[in-house]
Amino acid sequence: MKSSRSIASASSALAWALAALVVAVIVAWPGQAHARKRLVVLEFSGPKADDFQADLQKHLKKRHSVVPTAKWDNAADDLGATKLSAANIKRVAAELHLDGVIAGKVEKRGSRYYAHLTLYAGATGKSVKKVDLVERSPGLGPDGKGDIDEQLLPFVDDLTAPGFADAEDEDTEDEDAEPAPPKSKGKGKGKAVSKARDDDEDEDDDEDDSGRTGWGRTSRAGAADDEDEDRSARGKSKAKGKAKTKGKSRGDEDEDAEDEDRSARGKSKAKGKSRGDEDEDAEDEDDDEDDRDGDDRRRVASRDDRDRGDDGDDGEDDRDAGDQDTAAAGGPAAVDVSAGLSFTGRKLGFTTNLAANAPQGYDGAPVPGIRISADVFPLAMNKRNKSFTRNLGVTALFDRAIKISSQLATAGMTYTLPTTEQHLAIGVVYRHPLSAVLTVEGSLRYNKRKFAIDKAGVPADAVDIPNTDYTYVDPGLGVGYRLGPKMVLGADLRFLLITNTGEMQSPDQYGASTVTGVDAAASFDYQVAPKVVVRVGVGLATIGYAFKGNGALTNNRDGNAATIDVSGARDTYFGGSAGAAYQF
């Protein structure tokens, strides 16, 4: 038996070019994702709305530019675009050069606060993301901020400036957009415009009663007060013969002022009344005010009844909120599919007391390969499923060297032999989120790992390296830790329960043995788009042999069959990977 050494070499220039491309993507994409956006947070509505709005603005300012809400309100008033619609959002956002607009509403159910956030694109005015937060106290806590970082900010980073909106979107008018009121010069036209505005205000009041509050500057109670003031204003208008309306733009107020001046200079029924008639009008207004007070008391009582009903269901609300907290606590997406390049090297060494005729080893440098993996949690696709079953999934891995050959030098000759290296795994996985930043996983996979050298064309017994074809299961434990809104660090450790090794344990090779192995890996994810992450990883798998001395190659290598010449071996695979993953 000749002493020889095998070296793995890569002969694919294309593979290394792909590797360089992946590195360039890793370097270039994160810089683009860091671009600051111009945002505005519209005034929230609901209980403790100011606290939630202030906390959100403060949190957003760490990464983006936040325009004061008052500046948005002034621009909306100037443009006559105070109604919440896609067309109006687009108009005001273009005026202020905003990338995104965030509106919010806060509800209190029992002892918990529910904050509902909606992100609108400044370029189109359309809703692009909705996020629901659950807090135990007023304002954003660590979990709420984590949810914003994970669920909202990736969509903010992907926004397009208003100047780059599609032409089709620019020309599209929203059906809900408020039309500009026609200008009037005469009294008759002024009355028509006033009536049209009253009808519009009635529609807005209906929307406020159903929970919609325009830009979020008016709560339900505030909407009721506005409605009462409108009724009062219209009542006084009838009594005095004037056409006054509320909620006009600045231009409309100027026109109304001119109409009022004309009315004041002309004759009106109000001036022609006697003092007794004026007293009767005053009594009518007092009666109207009493009716309004009664309506207000009824509204307050109705709200109190609803609040008491919520408190009575406090236990149920707590359970629902707890489920939402668990679902939002972190962990991987329902589907995670990744593809990229792998780089795997192999070292095989034997434990022997021989100086001559020792077994050949294998010293292979990392060679490029194709790596594809998937983690799928089918029951997590159902957003209503809050049970532990949403955390049950399947996992799969395929990794194969693109092109690898082994060089064998023996008896003054060097042979280049085709080689196959491949790893296939499939199994089940269970994940458990411990918090918004930490997730643990348990998994069990079935594995086939192969390293085979084509020995055809070389003299018999020239290659003293058995081909391996491992079959094993690998129970493992992994953790995922969120370093920031876009970064996740992962690690896992697996114990290899090997049931078959291929040629290594054949009687004509090294015979029966005790085989143990471990597999450790670490990964780093960086999110470059709402559903895309760049992923790099490193790994090490090592398998140890303790030969029992009944194989043809374990003894009699020194001419003495009574002694064991080779007592063990270690087969180690090492390397890394780089690629992209799509998550949804």
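Since we're looking at a predicted model, the values are computed, not measured. (Residues numbered from 1 in each chain as written. Predicted model: local features only at pLDDT ≥ 70, side-chain atom pairs only at ≥ 80, totals over all residues. Heavy atoms only, no water.)

A. Molecular detail of the overall build of the protein chain. Of the regular secondary structure elements, the protein chain holds eleven helices and 18 strands. In the protein chain, buried positions account for 41% of the 584 residues. Restricting to contacts in the protein chain with at least 6 residues of sequence separation, those with at least 24 account for 70%. (Helix = DSSP H or I, 4+ residues; strand = E, 2+ residues; numbered from the N terminus. Buried < 20%, exposed > 50% of the residue type's maximum accessible area, 1.4 Å probe, protein only. Contact = heavy atoms within 4.5 Å.)

B. Structural view of the pattern of salt bridges. For the coordinates displayed, the defined rule picks out 14 salt bridges. The shortest N-O distance in the salt bridge between Arg-535 and Asp-336 comes to 2.9 Å. Of this pair, Arg-535 sits in strand β17 (residues 532-547) while Asp-336 sits in strand β7 (residues 335-352), and the two are 199 residues apart along the sequence. Of the two residues, Arg-535 and Asp-336, both sit in the buried class. The closest approach of N and O atoms between Asp-474 and Arg-445, which form a salt bridge, is 2.8 Å. Placement of Asp-474 in the loop between β13 (468-473) and β14 (476-482) and of Arg-445 in strand β12 (residues 438-453) is noted, with a sequence separation of 29 residues between them. Look at the salt bridges and you will find they share partners, linking Arg-445, Asp-474, Asp-492 and Arg-494 into a network. (Salt bridge = Lys/Arg side-chain N within 4 Å of Asp/Glu carboxyl O.)

C. Inspection of a nonpolar patch on the surface at higher detail. A cluster of nonpolar side chains, namely Ile-370, Ile-372, Phe-398, Ile-402 and Leu-424, defines an oily patch on the protein surface of about 370 Å² accessible area. Within the element layout of this structure, Ile-372 appears in strand β8 (residues 361-376). (Patch = residues over 30% accessible without salt bridge, like charges linked within 9 Å, V, L, I, M, F, W, Y side chains within 5 Å. Areas by Shrake-Rupley, 256 points an atom, 1.4 Å probe, with all protein chains shown as cover.)

D. Quick peek at the packing of helix α2 (residues 49-60) against helix α5 (residues 142-157). Between α2 and α5, whose axes approach to 12 Å, the crossing angle comes to 65°. In this structure, α2 meets α5 at a crossing whose hand is right-handed. Contacts from Leu-56, His-59 and Leu-60 of α2 reach α5 at Lys-145, Ile-148, Asp-149 and Leu-153. For the contact of α2 with α5, the residue count by class is four nonpolar, one polar and two charged. (Axes fitted to C-alpha atoms, helices over the stretch in contact; angles between N-to-C directions. Left-handed = near helix turned anticlockwise from the far one by under 90°. Nonpolar A, V, L, I, M, F, W, Y, C, P; charged D, E, K, R; others polar.)

E. Seen up close, the sheet that holds strand β3 (residues 65-67). Spatially, five strands are ordered β3-β2-β4-β5-β6 in an open sheet, and the strand pairing comes out mixed. Of all the strands in the sheet, the pair left with one neighbour each is β3 and β6 (127-135). The mean angle between the axes of side-by-side strands here comes to 25°, regardless of whether they run parallel or antiparallel. Judged from the three bridges that link them, strand β2 (residues 38-41) and strand β4 (residues 100-109) form a sheet pairing that is parallel. Each bridged residue has a counterpart across the sheet, and for Leu-39 the counterpart in β4 is Gly-100. Against the sheet, helix α3 (residues 69-79) engages β2, β3 and β4, with an angle of about 85° to β2. (Pairing = 2+ DSSP bridges.)

F. Quick peek at the confidence of the model for the protein chain. This prediction gives the protein chain a mean pLDDT of 75; 65% of its residues lie at or above 70. The low-confidence segment residues 1-13, where pLDDT is below 50, has 45 contacts with residues more than four positions distant or belonging to other chains. Segment residues 235-255 is flagged for pLDDT under 50; beyond a separation of four residues in sequence, or across chains, it makes 29 contacts in the model. (pLDDT = per-residue confidence, 0-100.)

G. The pairing of β7, seen in detail. Bridge count between β7 and β8: 13 bridges; the pairing is antiparallel. Pairing of Asp-336 across the sheet is with Asp-375, part of β8.

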